[in-house]
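Here's the letter readout for the chains.
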Amino acid sequence: QVQLVESGGGLVQAGGSLRLACAAPRSIFSIYNMGWYYQAPGKQRELVAEVTVGGSTYYGDSVKGRFTISRDKVKNTIYLQMHSLKPENTAFYYCYSDRTLAPDKYTAYWGQGILVTVSS
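Notes on the structure follow. Every value quoted in this text rests on a predicted model; they were computed, and no experiment measured them. Per chain, the residues get numbers from 1 upward, laid out in the order the sequence is written. Since the coordinates come from a predicted model, pLDDT governs what is reported: local features require at least 70, and pairs of side-chain atoms require 80 or more to be given and counted, while whole-chain, interface and lining totals use all residues. Calculated side-chain values reflect all of the structure's heavy atoms, with hydrogen atoms and water omitted.

### A few points about the packing of aromatic side chains
Basically, it comes down to this: The rule is short: rings of Phe, Tyr and Trp, with Trp giving its six-membered ring, pair when the centres are within 6.5 Å, and they are stacked under 30 degrees, edge-to-face over 60, tilted in between. Numbered from the N terminus, helices here are DSSP runs of H or I no shorter than four residues, and strands are runs of E no shorter than two. The buried label goes to any residue with under 20% of its type's maximum accessible area, the exposed label to any with over 50%, and the partly exposed label to all in between, with areas taken from a 1.4 Å probe on protein chains only. Placement of a charge over a ring requires the Lys NZ or Arg CZ to be within 6 Å of the ring centre, with the centre-to-atom vector within 35 degrees of the ring normal.
Tallying each qualifying case throughout the model produces six aromatic pairs. Ring centres of tyrosine 37 and tyrosine 96 lie 5.2 Å apart, and the angle between their planes is 65°; on these two criteria the pair is classed as edge-to-face. One end of the pair, tyrosine 37, is in strand S4 (residues 33-39); the other, tyrosine 96, is in strand S9 (residues 91-102), and 59 residues separate them in sequence. We classify tyrosine 37 as partly exposed; its relative accessible area is 25%. On the numbers, 6.4 Å between centres and 35° between planes, the contact of phenylalanine 92 with tyrosine 94 is tilted. Look at phenylalanine 92 and you get partly exposed, because its relative accessible area is 39%. Above the plane of the ring of tyrosine 94 lies arginine 45, whose end atom (NZ or CZ) is 3.9 Å from the centre. Stacked on the ring of phenylalanine 29, the Lys or Arg arginine 71 has its end atom at 4.4 Å from the ring centre.

### Looking at the sheet that holds strand S7 (residues 67-72)
The line we're drawing: DSSP calls a pair of strands paired once it identifies at least 2 bridges connecting them. Axis lines are fitted through C-alpha atoms, for helices just across the contact stretch, and the angle between N-to-C directions can take any value from 0 to 180 degrees.
As summarised here, the arrangement of the four strands in space is S1-S3-S8-S7, forming an open sheet in which the pairing is antiparallel. Looking at which strands have only one partner, the edges of the open sheet turn out to be strand S1 (5-7) and S7. Ignoring which end each strand starts from, the neighbouring axes of this sheet average 15° apart. Inspection of the sheet shows strand S3 (residues 18-23) paired to strand S8 (residues 77-82) by six bridges, in the antiparallel sense. Bridge pairing in S8 links alanine 23 to threonine 77.

### Section: the state of the cysteines
Note the threshold: Only a pair of cysteine sulfur atoms within 2.5 Å qualifies as a disulfide here.
A complete count under the given rule lists one disulfide for this structure. Linked covalently through their sulfurs, cysteine 22 and cysteine 95 form a disulfide whose S-S length is 2.0 Å. Taking the torsion about the S-S bond as the criterion, the cysteine 22 to cysteine 95 disulfide, at about -80°, is left-handed. With cysteine 22 in strand S3 and cysteine 95 in strand S9, this pair connects stretches of sequence that are 73 residues apart.

As far as function goes, none of this settles anything; it's purely spatial.
Have a look at this one:
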């Protein structure tokens, strides 16, 4: 069972900053893309950001310019630095890792989720 260990969530005021971290086993971190989704109450899970094995980054439209994802190869950890947080960013944030070897060979692992609450 692959464990992705998330940390850094909590309560922050609107306009504030928070950093999330997600640690993965080395065997996963070195060959899997990793990223974050978030799920607000009553809504579908949405992509926040992804960083590939090669270091390319992708962001959901709503967080571009405010959030930054990074990858630490020494600590086998990814980080999501969040600035200018808004109440609508309140959600559970889920770390994931995935890899597609072929169209029928897709593997993904998920963390348990971590709550971020932004007060107005």
